[in-house]
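Fold and contact review
Each chain is listed here by its residues.
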Amino acid sequence: TMTTNAHDPRHRALVLDFDGVLVDSLPEVFAAAVAAFAALCPGSRLAVHAPAADLREPIFRRFCDLVPLGNGAADFGVSLLAVEQGRTITDQAGYDIFFQSQPPAWRRAFHRTFYEKREDLRRRDFQAWLRLHSPYEPFLTILRRRAVRGQTAIATAKDGASVTALLNHFGAADLFDPELIVDNSAGPDKTAHLKRILSRLGTAPHHLVFVDDKVNHLVRVAPL
């Protein structure tokens, strides 16, 4: 049985998702997702958007509407597929049905290709890649004013290299203990992320506050 002192700040933590909570990364996600989709579906009408991934296009707005219903990189491909097919998806249940109807092999291939295209974007023009992200600066200001090092963690589906690069770019790396930045290597479910953070802090679940922009992530971790 784990026993902790709830009044000891070392045993309490604020756990934050990264994309959509600390950083607006939708332009970068869209660019990498369209590039991956074009690679896997070269005959797609979306393939013409791959070079520029124009954020003014209605495709981007429809993609953004679907992103909150997904969970990981494969969902970006499924969302683009729904956009291409003109599917009307308005809730989580409808999205989940459409997601499950796509071949698992294709979803795995998209997941892999998405990260390849993201890395290609970052490697080819690092400054341009950075510009595809915007920090939620008022929130970072609050964290700088109030957070204590070691008490603010990140639980993210993003890869660790991208998170580190962006935190450094935004001057926010000092707000987070590297040991408390848990990336997509933990798995697709944020429950695994939080369990790893709990283990590293040596605390109990009710001493964490978890902030995420996706309801389905919060639903999954609720049993903790």
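Everything here concerns the structure above.
Here is a short report on the structure shown in this document. As the structure is a computational prediction, the values presented were derived from the model and not from experiment. (Residues numbered from 1 in each chain as written. Predicted model: local features only at pLDDT ≥ 70, side-chain atom pairs only at ≥ 80, totals over all residues. Heavy atoms only, no water.)

1. A short note on the sheet that holds strand E5 (residues 181-182)
Ordered by their spatial adjacency, 4 strands build an open sheet running E5-E4-E1-E6, and the pairing between neighbours is parallel. Strand pairing shows two members of the sheet lacking a second neighbour, E5 and strand E6 (208-211), which therefore form its edges. Both strand E1 (residues 13-16) and strand E4 (residues 152-155) contribute to a ladder of 3 bridges, which runs parallel. Each bridged residue has a counterpart across the sheet, and for Leu 16 the counterpart in E4 is Ile 154. (Pairing = 2+ DSSP bridges. Helix = DSSP H or I, 4+ residues; strand = E, 2+ residues; numbered from the N terminus.)

2. Side note on the packing of helix H2 (residues 58-66) against helix H3 (residues 73-85)
Viewed as axis vectors pointing N to C, H2 and H3 meet at an angle of 130°, and their least axial separation amounts to 9 Å. Here H3 runs oblique to H2, going by the angle between their axes. For the element pair H2 and H3, the recorded crossing hand is right-handed. Residues Ile 59, Arg 62, Phe 63 and Leu 66 of H2 form the contact with H3, whose participating residues are Phe 76, Ser 79, Leu 80, Ala 82 and Val 83. Looking at the contact of H2 with H3 residue by residue, the classes come out as 7 nonpolar, 1 polar and 1 charged. (Axes fitted to C-alpha atoms, helices over the stretch in contact; angles between N-to-C directions. Parallel < 35°, antiparallel > 145°, perpendicular 65-115°, else oblique. Left-handed = near helix turned anticlockwise from the far one by under 90°. Contact = heavy atoms within 4.5 Å. Nonpolar A, V, L, I, M, F, W, Y, C, P; charged D, E, K, R; others polar.)

3. Digging into the pattern of salt bridges
Close approach of charged atoms allows side chains with opposite charge to pair. Considering all chains together, one arrives at 12 salt bridges under this definition. Between Asp 159 and Arg 118 there is a salt bridge; the shortest N-O distance is 3.3 Å. With Asp 159 in the loop between E4 and helix H8 (160-169) and Arg 118 in helix H5 (residues 104-124), this residue pair connects regions lying 41 residues apart in the sequence. Note on accessibility: Asp 159 and Arg 118 belong to one class, buried. One salt bridge in this structure joins Arg 122 and Asp 159, with 3.3 Å as the shortest N-O distance. Here the residue Arg 122 occupies a position in helix H5, and Asp 159 occupies one in the loop between E4 and H8, the gap between them amounting to 37 residues. Salt bridges sharing common partners tie together Asp 19, Glu 28, Arg 118, Glu 119, Asp 120, Arg 122, Arg 123, Arg 124, Lys 158 and Asp 159. (Salt bridge = Lys/Arg side-chain N within 4 Å of Asp/Glu carboxyl O. Buried < 20%, exposed > 50% of the residue type's maximum accessible area, 1.4 Å probe, protein only.)

4. Points about helix H4 (residues 92-100)
The complete set of buried residues in H4 reads Tyr 95, Phe 98 and Phe 99. When H4 is viewed along its axis, its buried side chains cluster within an angular range of 100° and face the same direction. Looking at H4, the residues exposed on the side facing more than 90 degrees away from the buried face are Ile 97 and Gln 100. Elements that come into contact with the buried residues of H4 comprise H3 and H5. (Arc of directions from axis to C-beta.)

5. Comments concerning the pairing of E6
Residues Leu 208 and Phe 210 point to one face of E6 and are all buried, whereas Val 209 and Val 211, pointing to the other face, are not buried. In this sheet, E6 lies alongside E1 in parallel orientation, the contact comprising 4 bridges. Residue Leu 16 lies in a different strand from E6, and its bridge partner there is Val 211.

6. What to know about the nonpolar core
The biggest cluster of nonpolar side chains holds 53 residues, and the ones touching the most others in it are Leu 22, Phe 76, Phe 114 and Phe 176. When contributions to this core are tallied by element, the ones reaching two or more residues are helix H1 (26-40), H2, H3, H4, H5, helix H6 (126-131), helix H7 (137-146) and H8. Leu 22 has contacts with Leu 16, Asp 17, Pro 135, Tyr 136, Phe 139, Leu 140, Leu 143, Ile 154 and Phe 176, leaving out every residue within four places of it along the chain. (Core = buried A, V, L, I, M, F, W, Y, C linked by side-chain atoms within 4.5 Å.)

7. Comments concerning the side chain of Ser 79
Here Ser 79 lies in helix H3. On the basis of relative accessibility, which here comes to 1%, the residue Ser 79 falls in the buried class. Those residues in contact with Ser 79 that sit more than four places away from it in its chain are Phe 63, Leu 66 and Tyr 95.

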